[in-house]
Amino acid sequence: MELPVVNHEDYFAKIGDDHKFPIKKFGSLASYLINKNIIKKFHTPYLCSEETLKKAHSENYIKNVKNKTLDQSSIKKIGFPLIDSVIRRSLVATGGTVLASKLAIKYGLACNTAGGSHHANFEGGAGYCVFNDVAVAAHYLLDRGLAGRILIVDLDVHQGNGNSDIFKNNRNVFTFSMHSKSNYPAKKSISDLDVELNDNMEDAEYIKILKFYLKQLNQENFDYVFYIAGVDIHLNDRLGKLKISDEGIKERDELVIENFFSKGIPLCGVLGGGYNKDFNKLIELHSILHQSCAKLIQS
Ligand SMILES: [Zn+2]
């Protein structure tokens, strides 16, 4: 069986190559997955509807983004210019995670080639995140009875503060964030389970800690998992402060995905952050998520 992977050419918003955020990675990752024969075709998402978005975001915020009436300080907090291609990208990438989340139920595993906008909260965006795609998709599944108790495994190097905020009073969604203690955001939110990592941590210690907490999480009865597989934990990342190797990221992804797949719990994988100094390496690292899922689903 081929791994279902959701992609859209509009993920690659036209903010310019000189922007700090390596936006062209979305186009390059899609080409890489096809050229390396990891998958043969993509599933194409629609723009996320306002009806679906408003479960995780205020109507006021959604309108201000769509009408480009967001105030300057809120735009600055996001870090992207509020232009048509960014708005379209934010809507279609969120629609992409919603589609991938449904495909995961059918196939056991599914991935988006974007997503993991975990800093966006109910009232606004932040840190290159406009809409919180995982929060939107989690609400979508719960509302339709497609999932009962959802776990968000967030292994991006930055804390998933948007998810912690959005789901702080929701007992049906458990937020687990394992992140760099000294990194953005300076003021962290409280997840159901936060694990703070010290600067310069290397593979062996990282994997040991992850195994320990996965074992704990296995005691709970989750029936659905979102996995935010940020690769900004890599030793050559511009924004991460950890020292995880290529092999360490591969081991991490395989560990997480296999843990839930082997128990028959659907898992939807999304990209998360990655700001590697080497662009080709960045694409290779992001593709580990898709390669790990593809390997399992084909076996
Ligand atoms: Zn990050």
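Presented here is an overview of the structure given in this document. Predicted, not measured: the structure shown is a model, and the values here were computed from it.

### A look at the overall build of the chain
Logical step 1: Check the secondary structure of the chain and you find 10 helices and seven strands.
Logical step 2: Whereas a compact globule of 299 residues would reach a radius of gyration of roughly 19 Å, the chain reaches 17 Å, a difference of no more than 12%.
Logical step 3: Projected onto its principal axes, the C-alpha positions of the chain cover 45 × 40 × 40 Å.
Logical step 4: Split into buried and exposed, the 299 residues of the chain put 49% on the buried side.
Logical step 5: Excluding contacts between residues fewer than 6 apart, the proportion of contacts in the chain whose partners are at least 24 apart in sequence is 73%.

### Quick word on the nonpolar core
Logical step 1: Counting 84 residues, the largest nonpolar core has Val136, Ile150, Val153, Phe226 and Tyr227 as the members making the most contacts within it.
Logical step 2: Residue contributions to this core peak at nine residues, all from helix 5 (residues 84–107).
Logical step 3: Setting aside chain neighbours within four positions, we find Phe226 in contact with Val134, Ala138, Ile150, Ile152, Cys268 and Val270.

### What to know about the sheet that holds strand 2 (residues 109–112)
Logical step 1: Spatial strand order, 1-2-7-6-3-4-5: seven strands in an open sheet with parallel pairing. What marks the edges here is a single partner per strand, and that holds for strand 1 (5–6) and strand 5 (193–197).
Logical step 2: Sheet analysis places strand 2 next to strand 7 (residues 267–270), joined by three bridges and oriented parallel. Within strand 7, the residue paired with Cys111 across the bridge is Gly269.
Logical step 3: Lying on the sheet, helix 5 is in contact with strand 1, strand 2 and strand 7; it crosses strand 2 at an angle near 165 degrees.

### Some details on unusual backbone geometry
Logical step 1: A cis amide bond, omega -5 degrees, links Tyr184 with the succeeding residue Pro185.
Logical step 2: Relative to the elements of secondary structure, Pro185 occurs in the loop between strand 4 (173–180) and strand 5.
Logical step 3: At Lys68, a residue that is not glycine, the phi angle is positive and equals roughly 55 degrees.
Logical step 4: Unlike most non-glycine residues, Asn200 shows phi in positive territory, near 65 degrees.
Logical step 5: The residue Asn200 is located in the loop between strand 5 and helix 8 (203–217) in this model.

### So, the environment of Met178
Logical step 1: Relative to the assigned elements, Met178 resides in strand 4.
Logical step 2: Distance from Met178 to Phe212, taken between C-alpha atoms, is 12 Å for residues 34 residues apart in sequence.
Logical step 3: With sequence-adjacent residues up to four places away left out, Met178 is seen in contact with Leu155, Val195, Leu197, Leu210 and Tyr213.

### Quick look at helix 9 (residues 246–261)
Logical step 1: Between the first and last C-alpha of helix 9 there are 22 Å, a value that for 16 residues agrees with the 22 Å anticipated at 1.5 Å per step.
Logical step 2: Taken residue by residue, helix 9 has Gly248, Ile249, Glu251, Arg252, Asp253, Val256, Ile257, Asn259 and Phe260 as its buried positions.
Logical step 3: Packed against the buried residues of helix 9 are strand 2, strand 3 (150–154), helix 8, strand 6 (224–228), strand 7 and helix 10 (279–298).

### Describing helix 1 (residues 25–35)
Logical step 1: Taken together, the buried positions of helix 1 are occupied by Lys25, Phe26, Leu29, Ala30 and Leu33. Angular distribution of buried residues about the axis of helix 1 spans 135 degrees; they occupy a single face of the element. Turned more than 90 degrees away from the buried face of helix 1 sit Ser31 and Asn35, all of them exposed.
Logical step 2: Considering only its buried residues, helix 1 is in contact with strand 1 and helix 10.
Logical step 3: Downstream of helix 1 by a residue or two, Asn37 has a phi angle that is positive, lying close to 65 degrees.

Parameters at a glance
- Residues numbered from 1 in each chain as written.
- Predicted model: local features only at pLDDT ≥ 70, side-chain atom pairs only at ≥ 80, totals over all residues.
- Helix = DSSP H or I, 4+ residues; strand = E, 2+ residues; numbered from the N terminus.
- Rg over C-alpha atoms; globule rule 2.2 N^0.38 Å.
- Buried ≥ 20, exposed ≤ 12 C-beta atoms within 10 Å, placed from the backbone.
- Contact = placed C-beta atoms within 7 Å.
- Core = buried A, V, L, I, M, F, W, Y, C linked by C-beta atoms within 7 Å.
- Pairing = 2+ DSSP bridges.
- Axes fitted to C-alpha atoms, helices over the stretch in contact; angles between N-to-C directions.
- Expected span 1.5 Å × (residues − 1).
- Arc of directions from axis to C-beta.

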